[in-house]
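Architecture and fold: a report
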Amino acid sequence: DGGITQSPKYLFRKEGQNVTLSCEQNLNHDAMYWYRQDPGQGLRLIYYSQIVNDFQKGDIAEGYSVSREKKESFPLTVTSAQKNPTAFYLCASSRTGTGGAGSYEQYFGPGTRLTVT
Amino acid sequence: KQEVTQIPAALSVPEGENLVLNCSFTDSAIYNLQWFRQDPGKGLTSLLLIQSSQREQTSGRLNASLDKSSGRSTLYIAASQPGDSATYLCAVKSGGPETSGSRLTFGEGTQLTVNP
């Protein structure tokens, strides 16, 4: 089955610890994205990557870091510098290209709920 | 900066009713608009994508329209069922060159409850 997997589903950490969220896709998509969702709010873009070894900051990148060493994988690290890390984190992917590349759908994983105490 | 608003924030209807969810956006220079469904504690499921050059898209009981010039989209759900209960999110893709930098801006969603 093609799709996006995120692990773990639930993650608990102590304040001050870094934590890495996994995102893997087998859709052969070039672009991958990380969003954060807080209760009653829409999704906000953290980081995105259009190609391997390249990524850009989204709207709320402070306190987060990413890497894109493989096309299939786009892990997100929530660092101790992130002031309010407790949230639901969603990974997505899409095709890219020319001639309408901006029109491709984004497909989402099941999400990871991170709780920091 | 693109802003997306969804009205109403919550909606409760009896089973069988036809309903309309609204989405508005401030910058009409979009590449596409996408409607998603989200069940509690789950990821997003794409329902419909409308390209900027299109006026509507249909899938089963769902019909989405787009009026780019007025910055509005509607999602029409026909003959609603309890299984349609979920949060519906709209998102627009805009900003930057088409091949890079364009990102989705999400509304806050409409929480729909269909009562048996």
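Scroll up to find the structure.
Residues numbered from 1 in each chain as written. Chains lettered and ligands numbered in written order. Predicted model: local features only at pLDDT ≥ 70, side-chain atom pairs only at ≥ 80, totals over all residues. Heavy atoms only, no water.

Some thoughts on unusual backbone geometry
Geometrically, the link from Ser7 of chain A to Pro8 of chain A is a cis peptide bond, its omega value of -10° lying close to zero. Inspection of the secondary structure puts Pro8 of chain A in the loop between strand S1 (4-7) and strand S2 (10-13). The omega torsion of the bond from Ile7 of chain B to Pro8 of chain B falls at -5°, within 30 degrees of zero and hence cis. Its place among the elements puts Pro8 of chain B in the loop between strand S1 (4-7) and strand S2 (10-14). One non-glycine residue with positive phi stands out, namely Asn28 of chain A, at about 60°. With respect to the helices, strands and loops of the structure, Asn28 of chain A is situated in the loop between strand S3 (19-25) and strand S4 (31-37). By relative accessible area, which is 57% here, Asn28 of chain A ends up exposed. The phi dihedral of Ala79 of chain B is positive, around 45°, even though this residue is not glycine. One can find Ala79 of chain B in the loop between strand S8 (72-77) and strand S9 (86-94). (Helix = DSSP H or I, 4+ residues; strand = E, 2+ residues; numbered from the N terminus. Buried < 20%, exposed > 50% of the residue type's maximum accessible area, 1.4 Å probe, protein only.)

Some words on the environment of Trp34 of chain A
Residue and element names in this part refer to chain A. Tracing the backbone through its elements, the reader meets Trp34 in strand S4. Among the residues examined, Trp34 registers a relative accessible area of 0% and is labelled buried. Along the primary structure Trp34 and Asp54 are separated by 20 residues, whereas in three dimensions their C-alpha atoms are 14 Å apart. Side-chain polar atoms of Trp34 contact the backbone oxygen of Phe74, separated by 2.6 Å. (Polar contact = N/O pair within 3.5 Å; in protein donor to acceptor, adjacent residues only side chain to side chain.)

Some points on the state of the cysteines
Taken as a whole, this structure holds two disulfides over all chains when the rule is applied. Between the sulfur atoms of Cys23 of chain A and its disulfide mate Cys91 of chain A the distance is 1.8 Å. The disulfide joining Cys23 of chain A to Cys91 of chain A has a torsion of about -70° about its S-S bond and is therefore left-handed. Placement of Cys23 of chain A in strand S3 and of Cys91 of chain A in strand S9 (residues 87-94) is noted, with a sequence separation of 68 residues between them. Exposure class is identical for Cys23 of chain A and Cys91 of chain A. Each is buried. Here Cys23 of chain B engages in a disulfide with Cys90 of chain B; their sulfurs sit 1.9 Å apart. Because the torsion about its S-S bond is 70°, the bridge between Cys23 of chain B and Cys90 of chain B counts as right-handed. With a gap of 67 residues between them, Cys23 of chain B in strand S3 (residues 19-25) and Cys90 of chain B in strand S9 connect regions that are remote in the sequence. For Cys90 of chain B, a relative accessible area of 0% translates into the label buried. (Disulfide = S-S within 2.5 Å.)

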